Every structure is written in structure tokens, then in C-alpha cells.
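Listed here are the chains, written in short residue letters.
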Amino acid sequence: MVVVAILAAGRGTRMKSNLPKVLHSLGGRSLVERVIESVQPLSPSRQMVIVGYQAEEVKTAMLSLPDLEFVEQSVQLGTGHAIQQLLPYLEGYSGDLLILNGDLPLIRTETLKNILQTHQKNQNAATILTAHLSNPKGYGRVFCNEENIVQQIVEEKDCTPTQRQNCRINAGVYCFRWQDLAKILPNLQANNAQKEYYLTDAVTQVTPVMAVDVEDSQEIMGINDRLQLASAYEILQKRIKEKWMAAGVTLIDPASITIDDTVELQPDVIIEPQTHLRGNTLIGTGCRIGPGSLIENSQIDENVTIMYSVVTDSIVQAGSRIGPYAHLRGHVEVGSKCRVGNFVELKNTKLGERTNVAHLSYLGDTTTGNQVNIGAGTITANYDGVKKHPTKIGDRTGTGSNSVLVAPITLGNDVYIAAGSTITEDVPDDCLAIARERQVVKPGWQKKSSNE
Ligand code: UD1
Ligand code: CA
């Protein structure tokens with residue numbers, strides 16, 4: 001049985017931010033959210049998050065995550081002090097406590113399983129995760145004897161110059177036999193450079209304590225400042241891109257592409273340079289996305305091309321062509337084999353199959369049938385200053401260039417709207433609607449006016 005505690009009460013001074021450190025976003029999810037995701041597959045009996053600095057904001061940001069208990073550390077006197085706050089909550093608990101720093105977003109579940117196994121197999125009082133880093137700057141240094149038994153952890157600020165040379169570092173992941181830890185927690189002292197109660201001091205007060213080395217030292221990267229946040233993003237991106245390339249996706253100029261780890265790509269997708277795929281996005285086989293596109297929370301079915309365009313919260317069905325320079329900005333559904341072209345903006349709009357909106361249009365709150373042709377510059381006037389109104393367009397209907405459709409309005413099937421019309425009344429099936437002044441041509445006008 002294991003209870004998990006996540007340390008998320010610190011301010012994160014080195015971030016130089018008003019936002020608590022653990023809420024900073026890494027590829028669409030906060031640092032602490034990522035830590036929680038890494039422990040969930042372990043099915044812990046309780047997940048306790050220690051909050052303090054801007055506690056309410058931190059709690060609110062995590063409302064959507066299931067089964068969390070929040071424990072308040074009202075003043076932040078160090079990581080040992082943070083764990084002291086658990087004492088009243090875990091009274092009588094006799095299992096293990098897995099503790100993770102909240103700023104460890106790249107940690108893998110496999111690594112946590114490994115440390116738990118070693119801990120339980122050896123019946124340790126504590127087991128800690130360590131790494132050998134060529135640049136150990138900023139981390140606590142771990143000193144072990146030949147049997148890998150931890151003797152001491154010294155924070156960098158408390159290290160002698162010789163101690164600082166030690167490259168084995170404390171990753172900030174600990175497994176404790178809770179009963180042993182609970183006994184010594186009240187005795188922690190704050191006589192160190194930072195005047196804090198260090199959790200790392202607890203490690204030397206129980207026995208035996210074993211160190212487990214992490215296989216891939218990138219995953220224990222702690223995020224303390226913006227530079228580390230950027231490096232973590234780079235590591236994450238590398239992991240994601242390697243995974244998709246191995247799965248049959250072509251990335252052209254990978255360095256210029258970013259992909260969230262929540263995105264799904266099918267084989268034979270081609271992603272062109274300067275393209276960014278975010279959130280819950282799914283891209284079907286045979287699609288060519290980019291260059292220069294942003295796709296967020298959208299479902300793109302097979303064989304779609306999207307060029308220099310922005311697509312959010314939308315669906316594009318198979319074989320459609322989007323862009324260049326289209327903006328599908330929410331709740332748009334493009335049917336199959338459509339063309340949405342140059343400088344077209346769609347919002348809350350559904351296009352039937354084989355429908356074209358090829359140039360310079362805005363369609364908002366619009367539903368079209370199949371094989372509709374929206375002429376260049378057609379605009380739906382969907383907002384009267386107070387409310388949004390719908391536009392409905394039937395099958396095979398076409399609008400001429402520069403038409404304005406004043407909503408609410410319905411155009412039937414096989415309707416044609418003459419170029420330059422401002423349509424304010426519904427048009428039944430099979431009709432031509434013209435709504436503009438007739439042209440007047442005045443012969444000899446130039447001569448006449450210059451004689452006067
Ligand atoms: C800590 C470790 C260090 C280790 C490093 C790994 C200690 C004393 N040091 O140092 O040995 O190498 O992590 O990244 O533990 N927090 C609280 N309450 C507090 C203080 C901190 O909840 O009073 C939380 C922070 O929000 C953070 C975590 O604890 O998520 C670690 O705190 P941080 O200040 O980042 O510790 P480091 O100096 O990095
Ligand atoms: Ca840290």
C-alpha cells in the first residue's frame with residue numbers, strides 16, 4: 001500500500017513570477033499536473049498535495065484532476081516542514097509514503113515503480129532516487145557508502161568546495177516507511193544556509209536508506225527557473241517527435257515543429273515546418289499539415305491538407321483542403337472534399353461535403369448543405385450588436401462575389417445570389433435573388449459636365 005505526497009507549496013522564487021512555480025505550463029499542462037499523471041498508474045491509496053503559496057489558485061487549477069487531497073502548509077519553511085504537515089492526516093498509517101517534488105515534470109511512472117520495488121524488496125526505511133549529472137549545479141549532493149547506503153545529503157548551498165565536486169544528486173523522489181519517518185519528523189532542525197527544515201535531513205535519521213539511480217537522467221530535471229523550463233520543453237519535444245517518427249510520421253525540419261504529448265498522429269502524416277499541434281488533436285493518415293499552421297483541439301480526418309492556417313476546436317473531414325491563410329476558430333465542421341481557401345474565417349459553422357469557400361469570406365453561425373459555392377467576399381452579418389443569428393444555406397446553392405447575408409436568414413436549395421447583393425429576406429428553392437441598385441449609365445456625362 002502506498003500513499004503519495006506531492007510538494008507544491010513553494011513559491012518558486014527563481015521563476016521570478018507571480019504564478020506559483022508548480023502552475024507554470026510545460027507543453028499545455030502544469031508542472032504539478034504532470035507529476036500527478038506520473039503517479040496515477042501506481043493506484044496510490046491516497047494522493048496528497050501540499051499547497052501553501054497561493055494555495056487557492058493551485059487548488060482551483062487542479063479541480064479537474066480526480067481524487068486529490070489538499071494539505072495546507074501555511075508558511076513555507078522547507079520541504080521537511082511541508083511533510084510535517086501530513087502528521088495529523090496519516091496518523092496510524094503503516095504503509096509507505098512516496099514523496100515527489102512538484103517541480104519534476106518529466107519523471108516516468110516506470111522509474112517510480114522501480115524505486116518502490118527496490119524499497120519494498122529490501123525493506124528499507126527509505127529509498128531515494130539519485131542521478132549522476134555532469135553538471136550537478138543547484139541539486140543536493142548524495143553521499144553513499146560502498147553498499148549504496150545513503151550517508152548524507154548536502155544541499156548545494158551547504159556544501160564545502162570538495163562536497164560540491166560530487167556529481168551524484170538527489171532527484172527529489174523519496175519512498176519512506178511512514179512509521180519511521182513520522183517518528184523523526186518533529187526533530188528536524190533548520191540550522192543550514194537557507195534556515196529551512198530540509199526533508200533531506202530526515203533521510204539520514206532513519207536506517208537503512210538506499211539510493212536508486214535513475215536510468216535516464218533527463219527525467220529527474222527539477223524546474224527552478226525559466227531556463228530549466230525551456231530545457232524541459234526541449235526534452236519533452238524530443239521524446240514526442242522521436243515517438244511519432246518511429247510510428248511512421250514525417251516531420252520536415254523537426255526543430256521548427258512543436259507537438260503536445262496529447263496529440264495523436266496516424267502513419268503517413270506529413271508535418272511541414274513551423275507547424276504546431278496542440279491539445280486533443282488527432283490527425284488522420286495521409287494528411288499534410290503546414291507549413292506554418294497551428295492546430296489545437298481538433299480532429300483532422302484522412303488526406304486533408306492544411307497550409308498556413310489556424311484551426312481550433314474544429315473537425316475537418318476527409319480529403320478537404322484548408323488554406324492558405326484560413327482561420328477555423330471554434331466549433332467548425334468542414335465536410336469531406338471541401339475547399340476553405342485564402343483569407344477565410346469560419347466560426348461555429350458547418351459545411352456540407354464538396355462545399356467551397358475559396359476566397360475572402362467570413363461565415364459565422366452558418367450551416368450549409370452539400371456542393372455549395374460561397375463566392376469571393378461573401379460575408380454573413382450574424383451579429384446585430386446584441387445577439388448572434390444563424391444562416392442556413394441549402395444544397396448546390398451559390399453566392400456571388402461580395403454578397404452580404406444578413407442573419408437570421410435561410411437560402412433554399414439551388415439558390416443563386418447575385419454578386420454584390422445584401423440579402424435580408426429568405427430565398428426559396430431554385431430562385432435567383434438580386435438585391436442591389438440597378439446600374440445607371442448616363443451617356444455623354446463627362447462632356448456635358450465640362451461644358452457647364
Ligand atoms: C530540492 C532538494 C534537493 C534536490 C532537489 C531536486 C531539499 C531540501 N532539497 O531542492 O536536495 O536535489 O530538490 O530537484 O528538499 N516546497 C514546499 N514547501 C516548502 C518548500 C518547498 O512544498 O516549504 C516544494 C516546492 O514547491 C517544490 C519542492 O518542494 O515543488 C522542492 O522545492 P525547491 O525549493 O524546488 O527545492 P530545491 O532547492 O530544488
Ligand atoms: Ca527544485
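Before reading on, note that the structure itself is shown above.
About the cut-offs
- Residues numbered from 1 in each chain as written.
- Chains lettered and ligands numbered in written order.
- Predicted model: local features only at pLDDT ≥ 70, side-chain atom pairs only at ≥ 80, totals over all residues.
- Heavy atoms only, no water.
- Helix = DSSP H or I, 4+ residues; strand = E, 2+ residues; numbered from the N terminus.
- Rg over C-alpha atoms; globule rule 2.2 N^0.38 Å.
- Lys, Arg positive; Asp, Glu negative; His and termini not counted.
- Charge placed at Lys NZ, Arg CZ, Asp CG, Glu CD.
- Donors = N, O, S within 2.8 Å, 3.2 Å for Na, K, Ca; no water.
- Near = heavy atom within 4 Å.
- Polar contact = N/O pair within 3.5 Å; in protein donor to acceptor, adjacent residues only side chain to side chain.
- Areas by Shrake-Rupley, 256 points an atom, 1.4 Å probe, with all protein chains shown as cover.
- Nonpolar A, V, L, I, M, F, W, Y, C, P; charged D, E, K, R; others polar.
- 1 Å grid on protein atoms, 1.4 Å probe; cavity = no way out; pocket = protein on both sides within 12 Å on 5 of 7 lines; lining within 4 Å.
- Points joined across faces, edges and corners; volume = space filled by probe spheres on them.
- Domains from an automatic or database assignment.

Turning to the overall build of the protein chain, a few remarks are in order. A tally of regular secondary structure across the protein chain gives 9 helices and 41 strands. Taken against the 2.2 N^0.38 rule, which gives 22 Å for 452 residues, the C-alpha radius of gyration of the protein chain at 31 Å runs more than 25% over that of a compact globule. Across its three principal axes, the protein chain shows a C-alpha extent of roughly 105 × 50 × 45 Å. Positive and negative side-chain charges of the protein chain, numbering 42 and 49 respectively, have mean locations separated by a distance of 6 Å.

With that settled, consider the coordination of the calcium ion (ligand 2). Around the calcium ion (ligand 2), the protein supplies D103 (OD) and N224 (OD1) as donor atoms, at distances of 2.3 to 2.5 Å. Taken together, the residues D103 in the loop between β6 (96-101) and α4 (109-121) and N224 in the loop between β11 (209-213) and α8 (226-246) connect sequence positions 121 residues apart.

In the neighbourhood of ligand 1, 24 residues make up the surrounding shell, with L7, Q73, T79, E155 and N170 lying closest. Within the backbone of G10, a nitrogen or oxygen atom sits 2.9 Å from an oxygen atom of ligand 1. Interatomic distance of 3.3 Å between a side-chain N/O atom of R14 and an oxygen atom of ligand 1. For ligand 1, whose accessible area on its own is 760 Å², the fraction buried by protein is 92%. Each residue belonging to the shell around ligand 1 can be placed in one class, and the counts come to 9 nonpolar, 11 polar and 4 charged.

This part covers the layout of surface pockets. Roughly 1400 Å³ of volume is contained in the largest pocket. Every residue lining the largest pocket is counted, 46 residues in all, and those nearest its centre are R14, K21, D103, G138 and N224. Where the lining of the largest pocket is concerned, the elements lending two or more residues are β1 (2-8), α3 (79-84), β10 (168-177) and α8. For the lining of the largest pocket, the element with the most residues is β10, which contributes 4 residues. In the lining of the largest pocket, the residues fall into 14 nonpolar, 22 polar and 10 charged. Split by domain, the residues of the lining of the largest pocket number at least three in each of domain 1 (2-225) and domain 2 (227-433). When its volume is computed, the second largest pocket comes out at roughly 300 Å³. Taken together, 16 residues line the second largest pocket, and the ones lying closest to its centre are R29, R34, L236, R239 and D261. Counting only elements with at least two residues in the lining of the second largest pocket, the list comes to α1 (31-39) and α8. Among the elements that make up the lining of the second largest pocket, the one with the highest residue count is α8 (5 residues). Across the lining of the second largest pocket, the residue classes break down as 7 nonpolar, 2 polar and 7 charged. Taken domain by domain, the makeup of the lining of the second largest pocket includes at least three residues from each of domain 1 (2-225) and domain 2 (227-433).

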